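Structural features, examined
The residues making up each chain are set out below.
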Amino acid sequence: MSSGKLVLFSGPSGVGKDTLLDLLVRLRPQLQRSVSLTTRAPRAGEVDGVDYFFVTPQQFAKMQADGDVLEFAQYGDNLYGTPKPPVDAWLAAGKTVILKIEVQGAEKIKRLYPQALSVFILPPSQQVLEKRLRDRGTENEQELAKRLAIAKEELRKSASYDYRIVNDDLERAAQEFLSILDSADHAEVRE
Ligand code: 5GP
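Residues numbered from 1 in each chain as written. Predicted model: local features only at pLDDT ≥ 70, side-chain atom pairs only at ≥ 80, totals over all residues. Heavy atoms only, no water.

All right, on to the pattern of salt bridges then. Counted under the stated rule, the structure contains 20 salt bridges. The shortest N-O distance in the salt bridge between arginine 156 and glutamate 153 comes to 2.7 Å. Placement of the pair is arginine 156 and glutamate 153 together in helix α6 (residues 141-157), with a separation of three residues, close to one helical turn. Here arginine 156 falls in the exposed class, since its relative accessible area comes to 57%. On the basis of relative accessible area, glutamate 153 is assigned to the partly exposed category, the value being 35%. We note a salt bridge from glutamate 176 to arginine 172, for which the minimum N-O separation is 2.8 Å. Linking glutamate 176 with arginine 172, this pair stays in helix α7 (residues 170-183), spanning four residues, or about one helical turn. Residue classification places glutamate 176 among the partly exposed positions, given a relative accessible area of 25%. Through salt bridges with shared partners, a single ionic network connects Arg40, Arg43, Glu46, Arg136, Glu139, Glu143 and Arg147. (Salt bridge = Lys/Arg side-chain N within 4 Å of Asp/Glu carboxyl O. Helix = DSSP H or I, 4+ residues; strand = E, 2+ residues; numbered from the N terminus. Buried < 20%, exposed > 50% of the residue type's maximum accessible area, 1.4 Å probe, protein only.)

Surrounding the ligand, one finds 16 residues, the nearest of these being Arg40, Tyr52, Glu71, Tyr80 and Glu102. Between an oxygen atom of the ligand and a side-chain N or O atom of threonine 82, the distance comes to 3.3 Å. Protein contact buries 98% of the 510 Å² of open area that the ligand shows by itself. Those elements that provide at least two residues to the shell around the ligand are β5 (69-75) and β6 (78-83). (Near = heavy atom within 4 Å. Polar contact = N/O pair within 3.5 Å; in protein donor to acceptor, adjacent residues only side chain to side chain. Areas by Shrake-Rupley, 256 points an atom, 1.4 Å probe, with all protein chains shown as cover.)

Moving on, we come to the nonpolar core. Grouped together as the largest cluster of nonpolar side chains are 22 residues, with contacts concentrated most on Phe9, Leu24 and Phe177. The biggest single contributor to this core is α7, with six residues. Leave out the neighbours within four places in its chain, and phenylalanine 9 touches Lys17, Leu20, Leu21, Leu24, Ile98, Leu99, Lys100, Ile101, Val119, Ile121 and Phe177. In this structure, Ile101, Tyr113, Leu122 and Tyr161 belong to the second largest nonpolar core, which totals 18 residues. (Core = buried A, V, L, I, M, F, W, Y, C linked by side-chain atoms within 4.5 Å. Contact = heavy atoms within 4.5 Å.)

In this section: the sheet that holds strand β3 (residues 37-38). Taken together, four strands build an open sheet; the order of strands is β4-β3-β6-β5 and the sheet is mixed. Across the chains shown, the open sheet's two edge strands, defined by having one partner strand only, are β4 (53-54) and β5. Across the sheet, helix α2 (residues 57-65) lies against β3, β4, β5 and β6, angled at about 145 degrees from β5, the strand it touches most. (Pairing = 2+ DSSP bridges. Axes fitted to C-alpha atoms, helices over the stretch in contact; angles between N-to-C directions.)

Per the counting criterion, the structure on display carries six aromatic pairs. Look at phenylalanine 9 and phenylalanine 177: their rings are 5.6 Å apart centre to centre, the planes differ by 75 degrees, and that puts the pair in the edge-to-face class. In this pair, phenylalanine 9 is assigned in strand β1 (residues 3-10) and phenylalanine 177 in helix α7, connecting sequence segments 168 residues apart. For phenylalanine 9, a relative accessible area of 0% corresponds to the buried category. Between the aromatic rings of phenylalanine 120 and tyrosine 161, the centroid separation amounts to 5.1 Å while the plane-to-plane angle is 70 degrees, which identifies the pairing as edge-to-face. One end of the pair, phenylalanine 120, is in strand β8 (residues 117-122); the other, tyrosine 161, is in the loop between α6 and β9 (163-166), with 41 residues separating them in the sequence. By relative accessible area, which is 10% here, tyrosine 161 ends up buried. (Phe/Tyr/Trp six-rings, centres within 6.5 Å; stacked < 30°, edge-to-face > 60°.)

Further remarks concern the packing of helix α1 (residues 17-27) against α7. Contact geometry for α1 and α7: axes closest at 10 Å, N-to-C directions at 60 degrees. Classified by the interaxial angle, the pair formed by α1 and α7 is oblique. In the packing of α1 onto α7, the handedness of the crossing is right-handed. Contacts between α1 and α7 involve Thr19, Leu20, Leu23, Leu24 and Leu27 on the former and, on the latter, Leu170, Glu171, Ala173, Ala174, Gln175, Phe177 and Leu178. Residue classes in the contact of α1 with α7 are distributed as nine nonpolar, two polar and one charged. (Parallel < 35°, antiparallel > 145°, perpendicular 65-115°, else oblique. Left-handed = near helix turned anticlockwise from the far one by under 90°. Nonpolar A, V, L, I, M, F, W, Y, C, P; charged D, E, K, R; others polar.)

Written as structure tokens, this is what we have:
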């Protein structure tokens, strides 16, 4: 039977998840990164179909009605969700699939796939997180305040993840992630 592994990759906004994921996929090209749906507007430089599938709330609702959304969550004022058909296909092909996902979505996936490996990326401190988020300059003050409030809640919930990695140094954090992946004796997800 073909089977793959599902990895839940969470962490507060601004912690560097995308940069870390870019490096992980460069270091290990066979890792399959899932591209999420979102109703938020693209940031400068973000590419549709690469960073996200940018959809309208109506398109999102249609995909849900068609059973094509594995999980979804509201984050701030927007919806985020994992497209189901590609994930099913990758798992059936035996791939290791990484879902970038916030904590509510991760909880849902853990219920659906108890063997999924969950990893939470932590900032070195809350101050560093706030600074990184501000320096990124992609959100206005109101949106920033929302993200920081969500981050506090997420940091509290991070205790329930299988592993937590501090993103103090990108290369080091990536190596820690890969060694967790290699040593984790998690049962494979069966189709
Ligand atoms: P951002 O707007 O910063 O790209 O993402 C906001 C939050 O949504 C992040 O915590 C990110 O991990 C999460 N997220 C991205 N894609 C998904 C998804 O498919 N499902 C869920 N539940 N959360 C997601």
